[in-house]
Amino acid sequence: MAGIFFLSNPNGIEGTLTPLPELSLACRNDILHSKRKMPMATASQSLETLREAAADCRACPLWKNATQTVFGEGPPHAPLMLVGEQPGDKEDIAGKPFVGPAGLMLDRALDEAGIDRKKAYITNAVKHFKFLARGKFRLHQKPTTPEIKACRPWYERELAAIKPDLVVAMGATAAQSVFGKITPINKNRGRLIDLDDGTKALVTVHPSYLLRLPDEDAKAREYERFVDDLKIAAALLRKSTRAA
Ligand code: SF4
């Protein structure tokens, strides 16, 4: 069975800052085509249109080795949008976000914080699995800044379709996509931050970070901090008119 190995810390930023590559013509056409269809569409239809367009995205090289685009999923009017880094080995095969070990960790933490995962929209900053093939294993690799930027239009369109009350960025890659710039986790976690459009955002760690901590005490401590961050989200959602 294939395993997941993390070669880098999702709280760190890797890669060099190089000029942002343009979206491929095919991908831009897909997005433009999607936008033309959007004004009269419901949020649900908009997401479906986006999902179909993203399936053929070639805006960065990550599609070449991955099995499929792993688009976000969840209710089209979700008050909460959770953003991770990228699909992992299991997500790449299943075509669904957060169904592997990190997803199980996230489910447990959401439950403890009082958040129903089924009522949240869950997606990733980068929608193709980036890995290094090593025998029967596929080793997770952190996306570079150009790859994060190339994929950001999909996150922006998901955000525009859902219009959540709160976006939770889990890990450095998600934070970079949500805020449009490198955003250190530890300096920004634990408080609500206003995005330019007025949507609230919250920064926390990626659950895979917790899985990789070798020390059990540190793992327990960091897990509690993660749950505490999600409780901030839960408190805001209790005030949301859309929260069920
Ligand atoms: S990772 Fe994102 S930008 Fe790159 S090909 Fe996949 S969907 Fe397109």
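Before any of the text, the structure's been laid out above.
Let me sum up the structure you'll find in this document.

Reading the values: rules and limits
Starting from 1, residues in each chain are numbered consecutively following that chain's sequence as written. It should be noted that, the model being predicted, local features are given only for residues of pLDDT at least 70 and side-chain atom pairs only at 80 or more, the latter also being counted only at that level, while totals for whole chains, interfaces and linings use all residues. Paired strands, as defined in this entry, are two strands with at least two bridges between them according to DSSP. Secondary structure counts use DSSP, requiring at least four H or I residues in a row for a helix and at least two E residues in a row for a strand, with both numbered from the N terminus. Note on contacts: each residue gets a C-beta atom placed from the backbone, and two residues are in contact if those atoms are within 7 Å. Residues enter a nonpolar core if they are buried, belong to Ala, Val, Leu, Ile, Met, Phe, Trp, Tyr or Cys, and are joined to the set through C-beta atoms within 7 Å. Exposure is read from a count of other C-beta atoms within 10 Å of each residue's own; the residue is exposed at 12 or fewer, buried at 20 or more and partly exposed in between. C-beta atoms are placed from the backbone. Axes here mean lines fitted to C-alpha atoms, for a helix over just the part in contact, with angles spanning 0 to 180 degrees between N-to-C directions.

1. Notes on the pairing of strand β4 (residues 131-134)
For β4 and strand β5 (residues 137-140), the ladder comprises four bridges, and the chain directions are antiparallel. Of the residues in β5, the one forming a bridge with Ala 133 is Arg 138. In sequence, β4 turns back onto β5 through a hairpin of two residues, with Gly 135 there showing a positive phi of about 60 degrees.

2. Some points on unusual backbone geometry
Residues other than glycine seldom take positive phi values, yet Phe 98 does so here, at roughly 55 degrees. With respect to the secondary-structure elements, Phe 98 resides in the loop between α3 (89-94) and α4 (101-113). The phi dihedral of Lys 163 is positive, around 50 degrees, even though this residue is not glycine. By the secondary structure assignment, Lys 163 is in the loop between α5 (145-162) and β6 (166-170).

3. Regarding the environment of Lys 127
Among the structural elements, Lys 127 can be located in the loop between β3 (120-124) and β4. Sequence separation between Lys 127 and Pro 87 is 40 residues; the distance between their C-alpha atoms is 6.5 Å. Lys 127 has contacts with Ala 54, Thr 69, Val 70, Phe 71, Cys 151 and Trp 154, leaving out every residue within four places of it along the chain.

4. Topic: the nonpolar core
Grouped together as the largest cluster of nonpolar side chains are 55 residues, with contacts concentrated most on Leu 80, Met 81, Val 83, Val 167, Val 168 and Ala 169. Among the elements that line this core, the one with the most residues is α5, at eight residues.

5. Some words on the sheet that holds strand β8 (residues 200-204)
Here we have five strands laid out as an open sheet, ordered β3-β2-β6-β8-β7, and mixed in their pairing. What marks the edges here is a single partner per strand, and that holds for β3 and β7 (192-194). Sheet twist, expressed as the average angle between the axes of neighbouring strands with direction ignored, equals 25 degrees. Note: β7 against β8, three bridges, orientation antiparallel. Paired with Ile 193 across the bridge in β8 is Ala 201. Strand contacts of helix α6 (residues 172-179): β2 (80-84), β6 and β8, with the helix running at about 140 degrees to β6, the strand carrying the most contacts. Of the strands in this sheet, β2, β6, β7 and β8 touch helix α9 (residues 216-238), which is tilted by about 165 degrees from β8.

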